[in-house]
Amino acid sequence: MALLVNISPARAFQLVVVDPGHGGADGGTSWHGLLEKTLTLDVAKRLETLLRDQGVTTVMTRRYDKTVSLDERAIMANRFPNSLLVSIHFNAIRVSGISGYETFYRGAMSKEIAQSIQTSLKENVPGVDRGITYQDFAVLTRTKGPAVLVECGFLSNPAEAILCNTPSHRQKLAEAIAKGILNIRPAVSG
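Residues numbered from 1 in each chain as written. Predicted model: local features only at pLDDT ≥ 70, side-chain atom pairs only at ≥ 80, totals over all residues. Heavy atoms only, no water.

The next thing to look at is the pattern of salt bridges. A full pass over the atoms with the stated rule returns 9 salt bridges. Between Arg-46 and Asp-42 there is a salt bridge whose closest N-O contact spans 2.7 Å. Of this pair, Arg-46 and Asp-42 are both found in helix H1 (residues 36-53), 4 residues apart, which corresponds to roughly one turn of the helix. Here the residues in one salt-bridge network are Asp-42, Arg-46 and Arg-170, joined through shared partners. (Salt bridge = Lys/Arg side-chain N within 4 Å of Asp/Glu carboxyl O. Helix = DSSP H or I, 4+ residues; strand = E, 2+ residues; numbered from the N terminus.)

Another aspect to go through is the packing of aromatic side chains. If you walk through the whole model with that rule in mind, you get 2 aromatic pairs. Their ring planes at 75 degrees and their centres at 5.0 Å tell us that Phe-104 and Phe-137 sit as a pair that is edge-to-face. With Phe-104 in strand S6 (residues 101-105) and Phe-137 in the loop between strand S7 (129-134) and helix H4 (138-141), the pair connects residues that are 33 residues apart, well separated along the chain. Residue class for Phe-104 comes out buried when judged on its relative accessible area of 8%. On the basis of an interplanar angle of 85 degrees and a centroid distance of 5.9 Å, the ring pair of Tyr-105 and Tyr-134 is categorised as edge-to-face. Taken together, the residues Tyr-105 in strand S6 and Tyr-134 in strand S7 connect sequence positions 29 residues apart. (Phe/Tyr/Trp six-rings, centres within 6.5 Å; stacked < 30°, edge-to-face > 60°. Buried < 20%, exposed > 50% of the residue type's maximum accessible area, 1.4 Å probe, protein only.)

Right, let's get into the sheet that holds strand S4 (residues 57-60). The sheet built from 6 strands is open, its strands ordered S4-S1-S5-S8-S6-S7 with mixed pairing. In this open sheet, the two edge strands, each paired with only one partner strand, are S4 and S7. Averaged over neighbouring strand pairs, the angle between their axes works out to 20 degrees when direction is ignored. Contacts between H1 and the sheet are confined to strand S1 (15-20), S4 and strand S5 (83-91), with S5 contributing the most and set at about 145 degrees to the helix. Helix H6 (residues 167-184) contacts S1, S5 and strand S8 (147-154) of the sheet and is inclined by roughly 150 degrees relative to S5. (Pairing = 2+ DSSP bridges. Axes fitted to C-alpha atoms, helices over the stretch in contact; angles between N-to-C directions. Contact = heavy atoms within 4.5 Å.)

The next point concerns unusual backbone geometry. We note that His-22 has phi near 65 degrees; this positive angle belongs to a residue other than glycine. With respect to the helices and strands, His-22 occurs in the loop between S1 and strand S2 (30-31). In this structure, His-32 is a non-glycine residue whose phi angle is positive, near 50 degrees. Looking at the secondary structure, you find His-32 in the loop between S2 and strand S3 (34-35).

Right, let's talk about the side chain of Lys-37 for a bit. Assignment of secondary structure puts Lys-37 in helix H1. Residue class for Lys-37 comes out buried when judged on its relative accessible area of 12%. At a separation of 2.8 Å, a polar atom in the side chain of Lys-37 contacts the main-chain carbonyl oxygen of Gly-24. Those residues in contact with Lys-37, other than ones at most four positions away along the chain, are Gly-21, His-22, Gly-23, Gly-24, Asp-26, Gly-27, Arg-62 and Asp-65. (Polar contact = N/O pair within 3.5 Å; in protein donor to acceptor, adjacent residues only side chain to side chain.)

Here the focus is H1. Counting along an α-helix, one turn takes 3.6 residues, and residues three or four places apart therefore face a common direction. When the terminal C-alpha atoms of H1 are compared, their 26 Å separation across 18 residues agrees well with the 26 Å that a helix rising 1.5 Å per residue should span. If you check which residues of H1 are buried, you get Glu-36, Lys-37, Leu-39, Thr-40, Leu-41, Val-43, Ala-44, Leu-47, Glu-48 and Leu-51. Taken together, the buried residues of H1 touch S1, S3, S4, S5, helix H5 (158-164) and H6. Among the residues trailing H1, Gly-55 stands out with phi positive, at a value near 85 degrees. (Expected span 1.5 Å × (residues − 1).)

On to the nonpolar core, then. In terms of nonpolar packing, the biggest core is built from 36 residues, with Val-16, Leu-47, Val-86, Leu-121, Ile-177 and Ile-181 touching the most fellow members. Broken down by element, this core gets its largest block of residues, 7 residues, from H6. What Val-86 contacts, discounting residues up to four positions off in sequence, is Val-16, Val-17, Val-18, Asp-19, Leu-47, Val-148, Val-150, Ile-177 and Ile-181. Listed in part, the 11 residues of the second largest apolar core include Val-17, Met-76, Val-139 and Leu-140. (Core = buried A, V, L, I, M, F, W, Y, C linked by side-chain atoms within 4.5 Å.)

A volume near 170 Å³ is recorded for the largest pocket. Along the walls of the largest pocket sit 14 residues, with His-22, Leu-70, His-89, Val-139 and Leu-149 positioned nearest its centre. Listing elements by their share of the lining of the largest pocket, those giving two or more residues are helix H2 (70-78), S5, H4 and S8. Of the residues contributing to the lining of the largest pocket, the split by class is 6 nonpolar, 4 polar and 4 charged. (1 Å grid on protein atoms, 1.4 Å probe; cavity = no way out; pocket = protein on both sides within 12 Å on 5 of 7 lines; lining within 4 Å. Points joined across faces, edges and corners; volume = space filled by probe spheres on them. Nonpolar A, V, L, I, M, F, W, Y, C, P; charged D, E, K, R; others polar.)

Coordinates in, geometry out; function isn't part of it.
Here's what the structure looks like:
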């Protein structure tokens, strides 16, 4: 007799589309000599390596500094029926005292994944836990499967900008995001 396991739709993804936010003509936010598109690509490449080391199939929306539209990012994710899109970003706001990381989602399937990533960030990365938030960002609304957008910190905060500029901190961010994904993903049987 076969044992049937009920896996929630959020856990059903077989591939992770890693999306370094911005790129090319779109630099993203720029504060304290840091450019968001450069930091997002670095964290995304680290995340991809960590996931692949754990046997997770990945696809990157960009591997170098090039412009990729929001539609192109969603189209890429939609090409893979059982995929999860994880978009990496850094935040900024005029109030320089605000700091922390947060994860955005849209839809019930994505909420469980967002919470897992956010919990892992809280447990593994020093900083302010800003929680998860439902949001209608284009990359989330145009992606058919589960999708989350992770804001890894505020470049507008001088202390957090210094931290985000260090490779060791970006590695911690990538490791925490990877753990959050792996915690929600069903074990792969070989």
